[in-house]
Amino acid sequence: NFCNDLGATRAENLIEIEKLYHTARLNLGATSRRAMAALDPIKVTITNFEEEKAKAGDGGMTFEVQNSPTDESLGSHTVTLTSTIYIDSSDFRLVDSSVYYGLAPNKAVGIKYHGGNLFCDEVVKNGDKIVELKCHIDNSEGRKKPKSFITWVPSDAIPCEVRVYGHIFTVKEPTDRWEEEISPDSELIHAKALVDPSVREVVDKKYVNKWHSNCALQFERIGYFVVDTDTKFDSESNTGDLVFNRTVSLRDQRKAKAKKSNTEEEERMKIDAMDFFKLAAEFKGKYSQYNEKTGVPTHLADGTELTKSAIKKLAKELDKHRKQQAKYKAANK
């Protein structure tokens, strides 16, 4: 599908990687089994668990979850709420705000699949590190409707390593000095992640093969992940390394960021072509000398002279800015 959408051309062309990501999301969204995971887990102790468990009755804390919300043929699995659960650190903040929908001290969020509210009563810290949250469940009829429902994993979650891969470069098109443009965040390793035990059998080492695509999962609210060939996990003994690699995030992160940066884009379109490489955020501070007639950089900040090919690429970037600026002005007359 990706190749068909792009078509074929004899001209040299630069394809944004988001096009590949979009194709991956469409494919994986329809075929991947869902599971809950915590990449950077925080322990949560539910102080009134036994009371709520008694109210729920036998099996009342176990919930059936569809492996795919759109394809019943993929079957289902169960998740069980336990007295200790783990949530991802991204779902908790010490300081709340009106635009934050996650958990915070003296605030409630919904517990996915359970349906009740999880209210944070106490934060246990070791120095500056949060080691535990003490919370209670509010499942009363008159409870306040939460703004969001967060995912969680139970006390018997499976430890795993999760490798999150992002853009290799900090710029769309690397130059001759590509080594300096490598993103330090292109690989982030979460060595102490947890995944819910419902995936135990499908991630067993006996199914891992370097010659074909391995099991793909959607970690709810996080992204699409595949079992890595470094996996040595034995589902019967529950031992051995379990490793996941992220294929793509759940949402187009660049587009999400773009929606929030309309003001920045407006400011960018106001930059005169002669000052583009001096004032544009991605180039600011990188160069020390510029062509007096065109404004294209000729030397890096440390005085190193740019190669002809690097200057040629920057000239193309400036020409692109001029065209975008012209379109923007025409659309906003």
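Along each chain, residues carry numbers from 1 onward, in the same order as the chain's sequence is written. Restriction of local features to residues with pLDDT of at least 70 applies here, the model being predicted, together with a cutoff of 80 or more for giving and counting side-chain atom pairs; totals for whole chains, interfaces and linings are based on all residues. For side-chain calculations, the full set of non-hydrogen atoms in the structure is used, while hydrogens and water are omitted.

With that settled, consider the overall build of the chain. Per the secondary structure count, the chain includes seven helices and 18 strands. Taking the principal axes of the C-alpha coordinates as reference, the chain spans close to 80 × 50 × 40 Å. Type-normalised accessible area, obtained with a 1.4 Å probe on protein chains alone, sets the label of each residue: buried when under 20%, exposed when over 50%, and partly exposed for intermediate values. Looking at the chain residue by residue over its 333 residues, the buried ones come to 37%. Residue pairs in contact within the chain that sit at least 24 positions apart in sequence constitute 58% of those at least 6 positions apart. Total accessible area computed for the chain in this model is approximately 20500 Å², and 49% of it derives from carbon and sulfur atoms. Positive and negative charge centroids in the chain, built from 51 and 52 side chains respectively, lie 6 Å apart. Here a helix means four or more residues in a row that DSSP labels H or I, a strand means two or more in a row labelled E, and each is numbered from the N terminus. Here a residue-residue contact requires only that any non-hydrogen atoms of the pair lie within 4.5 Å. Computed with the Shrake-Rupley method and a 1.4 Å probe, the accessible areas treat only the protein chains shown as cover for residues. Residues scored as positive are Lys and Arg, those scored as negative are Asp and Glu, and His as well as the terminal groups of each chain are ignored. We put the charge of a Lys on NZ, of an Arg on CZ, of an Asp on CG and of a Glu on CD.

Here we take up the pattern of salt bridges. Pairing between side chains of opposite charge can happen when their charged atoms approach one another. Each salt bridge in this description consists of a side-chain nitrogen of Lys or Arg and a carboxyl oxygen of Asp or Glu lying within 4 Å of one another. One pass over the full model with this rule turns up 13 salt bridges. When the shortest N-O distance is used, the salt bridge between K172 and E16 registers 3.6 Å. Here the residue K172 occupies a position in the loop between β12 (158–165) and β13 (187–195), and E16 occupies one in the loop between α1 (2–6) and α2 (17–31), the gap between them amounting to 156 residues. Assessed through its relative accessible area of 62%, K172 is described here as exposed. Taken together, the shared-partner salt bridges connect E161, R163, D228 and D230 into one network.

Looking now at the side chain of S198. Along the chain, S198 falls in the loop between β13 and β14 (216–219). Given the relative accessible area of 17%, S198 is considered buried. Looking at S198, its side chain comes within polar contact range of the side chain of D196, at 2.3 Å. Those residues in contact with S198, other than ones at most four positions away along the chain, are R33, H77 and T78. As used in this structure description, the phrase polar contact means that two N or O atoms lie within 3.5 Å; if the pair is within protein, one of them must be able to donate a hydrogen and the other to accept it, and residues adjacent in sequence are counted only when both atoms belong to side chains.

Turning next to the nonpolar core. One finds L81, I87, L103, L118, L133 and W152 to be the most contacted residues of the largest nonpolar core, which totals 27 residues. Counting residues per element, the ones that place at least two in this core are β3 (41–46), β4 (62–66), β6 (84–88), β7 (108–111), β8 (117–126) and β9 (129–138). Setting aside its immediate chain neighbours within four residues, L118 contacts V44, I46, L103, K107, A108, V109, I111, C135 and H136. Only buried residues count toward a nonpolar core. Its members are Ala, Val, Leu, Ile, Met, Phe, Trp, Tyr and Cys residues joined through side-chain atoms within 4.5 Å. Residues A37, V162, V227 and F244 belong to the second largest nonpolar core, which totals 19 residues.

Attention now goes to the side chain of T231. With respect to the helices, strands and loops of the structure, T231 is situated in the loop between β15 (223–227) and β16 (243–249). Side-chain polar atoms of T231 contact the backbone nitrogen of V243, separated by 3.0 Å. Setting aside residues no more than four positions away along its own chain, T231 makes contact with V203, K205, V208, D241, L242 and V243.

Let us now look at the environment of V95. Mapped onto the secondary structure, V95 falls in the loop between β6 and β7. What makes V95 exposed here is its relative accessible area of 65%. Linking V95 and P105, residues ten residues apart in sequence, is a C-alpha distance of 7.7 Å.

Right, let's talk about the packing of aromatic side chains for a bit. Where two aromatic rings form a pair, the distance of their centres and the angle of their planes describe that pair. Centre distance within 6.5 Å is the pairing criterion for rings of Phe, Tyr and Trp, where only the six-membered ring of Trp is used; planes under 30 degrees apart are then read as stacked, over 60 as edge-to-face, and the remainder as tilted. Across all of its chains, the model carries six aromatic pairs by this definition. Summarising the aromatic geometry, the rings of F219 and F244 are spaced 5.1 Å apart at their centres and angled 75 degrees between planes, so their arrangement reads as edge-to-face. Residue F219 is located in strand β14, and its partner F244 is located in strand β16; the two are separated by 25 residues in the primary sequence. Both rings, one in F276 and one in F277, keep their centres 5.1 Å apart while their planes meet at 75 degrees; by these two values the pair is edge-to-face. Classification of F276 as buried rests on a relative accessible area of 0%. Comment: the charge-over-ring label is applied if NZ (Lys) or CZ (Arg) is within 6 Å of the ring centre and within 35 degrees of the ring normal. Over the face of the ring belonging to Y290 we find K278, whose NZ or CZ atom lies 5.1 Å from the ring centre.

One open sheet holds the seven strands; their spatial order is β1-β14-β15-β16-β12-β13-β2, and the pairing between them is mixed. Each edge of the open sheet is held by one strand with a lone partner, namely β1 (33–35) and β2 (37–38). Two strands form a pair only when DSSP identifies at least two bridges running between them. Here three bridges tie β1 to β14, and the two strands are oriented parallel to one another. Of the residues in β14, the one forming a bridge with R33 is L217. Lines fitted to C-alpha atoms define the axes here, with helix axes fitted over just the stretch in contact, and angles between the N-to-C directions of these axes take values from 0 to 180 degrees. Against the sheet, α2 contacts β1, β14, β15 and β16, and its axis sits at roughly 120 degrees relative to β16.

Turning to the pairing of β6, a few remarks are in order. Among the five residues in β6, four count as buried, and that is most of the element. Pairing of β3 with β6, which is carried by five bridges, proceeds in the antiparallel orientation. Note on β6: the bridge partner recorded for T45 is T84. With two bridges connecting them, β6 and strand β11 (residues 153–154) associate as antiparallel partners. Residue pairing for β11: I85 is matched across the bridge by P154.

Fair warning: the whole summary comes from geometry, so function is off the table for now.
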